[in-house]
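Fold and geometry: a report
What follows is each chain in one-letter form.
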Amino acid sequence: MGNQQFKTAVELTLKVIGGKWKPVILCHLTDGAKRFSQLRRDMPGITQKMLTQQLRELEEDGIIHRKVYSQVPPKVEYSFTEYGLTVRQLLDEMADWGTQHQQHLNQVE
């Protein structure tokens, strides 16, 4: 698995869902559609500007869908696209690894 195709695929995956906030956003969306304000409340450490940027990038990559309701005040919801749901398996694997890593750290201490 040390070949160039593997490395390129990992780099592409990280480009789409990597970083500090994208995996966290995606984890919150696994519970269903969320409004922008809900995501802000669920992630108090992220700025409004950063959340907006990350959501736009995920939308541009076809991972999430932005649904705008024509009402006053404006309502916007974010959810996984059908294609974006394929990321769920990867998130589950990351969560499993994180659990194992925490156990490892607990044994080392």
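Details of the structure are given in the entry above.
Residues numbered from 1 in each chain as written. Predicted model: local features only at pLDDT ≥ 70, side-chain atom pairs only at ≥ 80, totals over all residues. Heavy atoms only, no water.

1. Here we look at the overall build of the protein chain
- Of regular secondary structure, the protein chain possesses five helices and three strands.
- Sequence-ordered secondary structure for the protein chain, helices as α and strands as β, is α-α-β-α-α-β-β-α.
- Across its three principal axes, the protein chain shows a C-alpha extent of roughly 55 × 35 × 25 Å.
- Within the protein chain, the fraction of its 109 residues that count as buried is 25%. (Helix = DSSP H or I, 4+ residues; strand = E, 2+ residues; numbered from the N terminus. Buried < 20%, exposed > 50% of the residue type's maximum accessible area, 1.4 Å probe, protein only.)

2. Topic: the sheet that holds strand β2 (residues 64–69)
- Here three strands make up an open sheet; going across it, the order is β1-β3-β2 and the pairing antiparallel. Each edge of the open sheet carries a strand with a single partner, namely β1 (34–35) and β2.
- Here β1 runs beside strand β3 (residues 75–80); their pairing, made up of two bridges, is antiparallel. For K34, the partnering residue across the bridge sits in β3 and is Y78.
- Against the sheet, helix α2 (residues 22–29) touches β1, β2 and β3, its axis set at about 95° to β3. (Pairing = 2+ DSSP bridges. Contact = heavy atoms within 4.5 Å. Axes fitted to C-alpha atoms, helices over the stretch in contact; angles between N-to-C directions.)

3. Focus on the packing of helix α1 (residues 4–17) against α2
- Where α1 meets α2, the axes come as close as 8 Å, and the angle between the chain directions of the two elements is 70°. Our classification of the angle between α1 and α2 gives roughly perpendicular. Mapping the contact onto sequence places K15, V16 and I17 in α1 and K22, P23 and L26 in α2.
- Partitioning the contact of α1 with α2 into residue classes produces four nonpolar, no polar and two charged. (Parallel < 35°, antiparallel > 145°, perpendicular 65-115°, else oblique. Nonpolar A, V, L, I, M, F, W, Y, C, P; charged D, E, K, R; others polar.)

4. Some words on the pairing of β2
- Note that β2 and β3 share six bridges and pair antiparallel. Within β3, the residue paired with Y69 across the bridge is K75.
- What sits between the antiparallel neighbours β2 and β3 is a turn of five residues.

5. With respect to the side chain of E77
- Within the secondary structure, E77 is located in strand β3.
- In this structure E77 comes out as buried when scored by relative accessible area, which is 18%.
- For E77, the side chain forms a polar contact with the side chain of Y69, separated by 3.0 Å.
- Among residues more than four places away in sequence, those in contact with E77 are A33, K34, R35, H65, R66, K67 and Y69. (Polar contact = N/O pair within 3.5 Å; in protein donor to acceptor, adjacent residues only side chain to side chain.)

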